[in-house]
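# Fold and contact review
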Amino acid sequence: MGGVDDDEPPSKRVKVSSGALVGLLNGTSHREQASCSLSDSMAQPLASQGKDEVVGSKGVVKKVELVRIIADALYSLGYKYTGAHLEEESGIPLQSSVVNLFMQQILDGKWDDSVVTLHKLGLMDETIVKLASFVILEQKFFELLGQEKLMDALNTLRSEIAPLCINNDRVRELTSYIVSQSKNVLDISSEQEARLNSRKMLLQELQKLLPSTVIIPERRLVHLLEQALDLQRDVCRFHNSSVGEMSLFTDHQCGKDKIPSRTLQILQEHSDEVWFLQFSHNGKYLASSSRDCLVIIWEVKLDGRVSLKHRLSGHRKPVSCISWSPDDQQFLTCGVEEAMRRWDVTSGECLHIYEKNGLGFVSCGWAPDGKRIFSGVTDKSISMWDLEGREVECWKGQRTIRISDLGITRDGKQLITVCKETTILLFGWESQSEKLVEEGHNIVSFALSEDSKFLLVSLSNQEIHLWNIEAAINLVAKFKGHKHSRFVLKSCFGGLGQAFIASGSEDSKVYIWHRVSGELVLTLSGHSGAVNCVSWNPANPHMLASASDDRTIRIWGLNRVCLDHDDKHSNGTYHCNGGT
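Here the residue index of a chain counts from 1 through its sequence in written order. Two thresholds apply to this predicted model, a pLDDT of at least 70 for residue-level local features and 80 or more for giving and counting side-chain atom pairs, whereas whole-chain, interface and lining totals are computed over all residues. Working from all heavy atoms in the structure, the side-chain values ignore hydrogens and water.

An unreviewed UniProt entry annotates the protein chain as CTLH domain-containing protein originating from Fraxinus pennsylvanica. UniProt positions are given in the numbering used here, feature names are shortened, and annotations may be inferred rather than shown by experiment. Per UniProt, the comment on the protein chain under Subunit (unreviewed entry) is "Interacts with RANBPM." According to UniProt, the comment filed for the protein chain under the heading Subcellular location (unreviewed entry) is "Cytoplasm".

Listed below in structure tokens is the structure:
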């Protein structure tokens, strides 16, 4: 009935079972499945088999659905006979007879018949019916083109596809294939060449399009198990290691020993309060700045030890902001309302000094391409510079205040600044769009997540707020417990998958919360002055650094030697001068 002739002779066409159809969807050869015929393995529902029967103590798992997804899993794993036996013994077919007929018609290229059967599947949403009809007839169109039946293809396009009124742009694109193929019928895109000989791909597309009540989603059982493991991992308050596989046999649970909680080193090179520190993106370096106006670059050795690499002088005022270049080969430093400097990591050489008409800078950051830098200026504007020091653009107005944080999203399209005491500005510098994060208390500092989807805002009321800024701005969580009254304290994302929030505190401690639950999981003691800033190593979830008014930096690691991890940490306490 209007189907496209198959290239193979009729004797080679076979009917395949529902399990074999699943095998086709999951990459198993249709000839490998051919020995199990459709009629032989079609299970007939038993009269006593109630469709609402449930299993399990919670009464939420329907037996029919469970048996069907188990059968689907068996077929997808290649256990076709076991899957067929399950269908037969349970009396529960994997797919209904109508669905099996529909899938067989797709494999046989009986396009008109398959469209008729599609309308018998009981789909309530007419849009889904039209979309499914569109992709079926599109396959018919391309196979006709492949057989050089241009007029039949054109007729299919005009009388069957176009009247669906679905995706007019695509219809015009299909028309162009006919026009362009008068000389070379097979001169079509690689995507269409792949689809031309792949009815299996069409089945997979239909499987995603049709409701799960009609055709079970591909590898549904595996997907459910992965969801369960992901949920166990997400709710585990201490999950912070990729070492050790999660098992289906036991519930997942980690201990506190996966969180850095023991001082492994105390770095004492600064002669005054340490205000800021930040690991490089690759985790190989740590930059710190202090009230002593020095910037120090530390190197993280392969054994986890941190050693002095460069002592950098030149700023006349304390450095309040440091930003690593995307490739970690350079970094920016910004003094308190003075010049901005660009440094080379390897040599420690100052490559350029950026100044602007006697004004000072309050913040700095790199564009993701590494070719431009941004800065907050004391006149409340934001400037963009090239690396040679030319100011490319300046956005004037109430763009920033004298807070040393500047966020740049991963796509480089949005700048994030504190534009008022209680307001954060998300500024689309190309589109000139503006979005605001409004807080009820003064903003002390903020940090942007690695994926640029979340913003961590430290407030003067001793709270840290987590905001989702990906689309509509909304408050996700609040973290409490640390002490804050006077100083600028900086918090950070960290740990495996940035699953934790860490912050300094005026009570000389480091506070760590579980990001999803909001629960305070650890407080780290050791400093003798306010902890101003914390930074979690992005490449090593077991390394955390903290900077304090006691003039020291503490490197925190695991509370025991983790022998099955590539990063080896000693349980001793080391000082940068070599003392223990």
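Let us keep going from here.
Let us look at the overall build of the protein chain. The helix and strand tally for the protein chain stands at 12 helices and 31 strands. Relative to its full complement of 580 residues, the protein chain shows a buried share of 52%. Counting only contacts in the protein chain whose residues sit at least 6 apart along the sequence, the fraction spanning at least 24 positions is 49%. Computed by Shrake-Rupley with a 1.4 Å probe, the accessible areas treat only the displayed protein chains as cover when residues are assessed. Put simply, the protein chain shows about 27100 Å² of open surface, and 49% of that area lies on carbon and sulfur atoms. Helix and strand labels come from DSSP, where a helix needs a run of H or I of at least four residues and a strand needs a run of E of at least two; each type is numbered from the N terminus. Remark: exposure states derive from per-residue accessible area (1.4 Å probe, protein chains only) relative to the maximum for the residue type, with buried under 20%, exposed over 50%, and partly exposed in between. For this analysis, residues touch if any pair of their heavy atoms sits within 4.5 Å.

The UniProt record annotates "repeat: WD" (unreviewed entry) at residues 267–301, 312–353, 366–388 and 524–559. The distance separating the terminal C-alpha atoms of residues 267–301 is 14 Å; by composition the span is 0% helix and 54% strand. Helix makes up 0% of residues 524–559 and strand makes up 47%, while its end C-alpha atoms are separated by 12 Å.

Next up on the list: the packing of helix α8 (residues 150–161) against helix α9 (residues 168–180). Axis definition: a line fitted to C-alpha atoms, limited for helices to the stretch in contact. Angles are taken between N-to-C directions and run from 0 to 180 degrees. Running from N to C, α8 and α9 cross one another at 165°; their axes reach a closest spacing of 10 Å. Classified by the angle between their axes, α8 and α9 sit roughly antiparallel to one another. Helix-helix and strand crossings are classified by hand; for α8 and α9 the assignment is left-handed. The segment α8 lies against α9, with A153, L154, L157 and I161 engaging V171, L174, T175 and I178. Residue type decides the class: Asp, Glu, Lys and Arg count as charged, Ala, Val, Leu, Ile, Met, Phe, Trp, Tyr, Cys and Pro as nonpolar, and the leftover types, Gly among them, as polar. Its residues placed into classes, the contact of α8 with α9 shows seven nonpolar, one polar and no charged. Every angle not falling under 35 degrees, over 145, or within 65 to 115 is termed oblique; those three ranges are roughly parallel, roughly antiparallel and roughly perpendicular. A crossing counts as left-handed when the near helix is turned anticlockwise from the far one by less than a right angle, and as right-handed when that turn is clockwise.

Right, let's talk about the sheet that holds strand β8 (residues 319–324) for a bit. Pairing is antiparallel across the open sheet formed by four strands, whose spatial order is β8-β9-β10-β11. Each edge of the open sheet carries a strand with a single partner, namely β8 and β11 (350–354). Looking at each pair of strands side by side, their axes are set apart by 20° on average, direction ignored. Only strands joined by at least two bridges in the DSSP assignment are considered to pair.

Once their charged atoms are close, side chains differing in charge can pair, the charge on each being opposite to the other. Here a salt bridge means any side-chain nitrogen of Lys or Arg lying within 4 Å of a carboxyl oxygen belonging to Asp or Glu. On inspection of all chains with the given rule, the structure shows 21 salt bridges. One salt bridge in this structure joins R316 and E338, with 4.0 Å as the shortest N-O distance. Of this pair, R316 sits in the loop between β7 (306–312) and β8 while E338 sits in the loop between β9 (330–335) and β10 (340–344), and the two are 22 residues apart along the sequence. In this structure R316 comes out as exposed when scored by relative accessible area, which is 64%. Under the relative-accessibility criterion, E338 is labelled buried at 7%. R372 is the partner of D369 in a salt bridge, and the nearest nitrogen-oxygen pair spans 3.0 Å. On the basis of relative accessibility, which here comes to 40%, the residue D369 falls in the partly exposed class. Where salt bridges share partners, they join D112, K140 and E160 into one cluster.

You can see Q95 is positioned in the loop between α4 (80–90) and α5 (97–108). A relative accessible area of 3% means that Q95 is categorised as buried. Here a polar contact is recorded for every N or O atom pair within 3.5 Å, except that within protein the pair must consist of a potential hydrogen donor and a potential acceptor, and residues adjacent in sequence are included only if both atoms are side-chain atoms. Separated by 3.4 Å, the side chains of Q95 and R68 make a polar contact.

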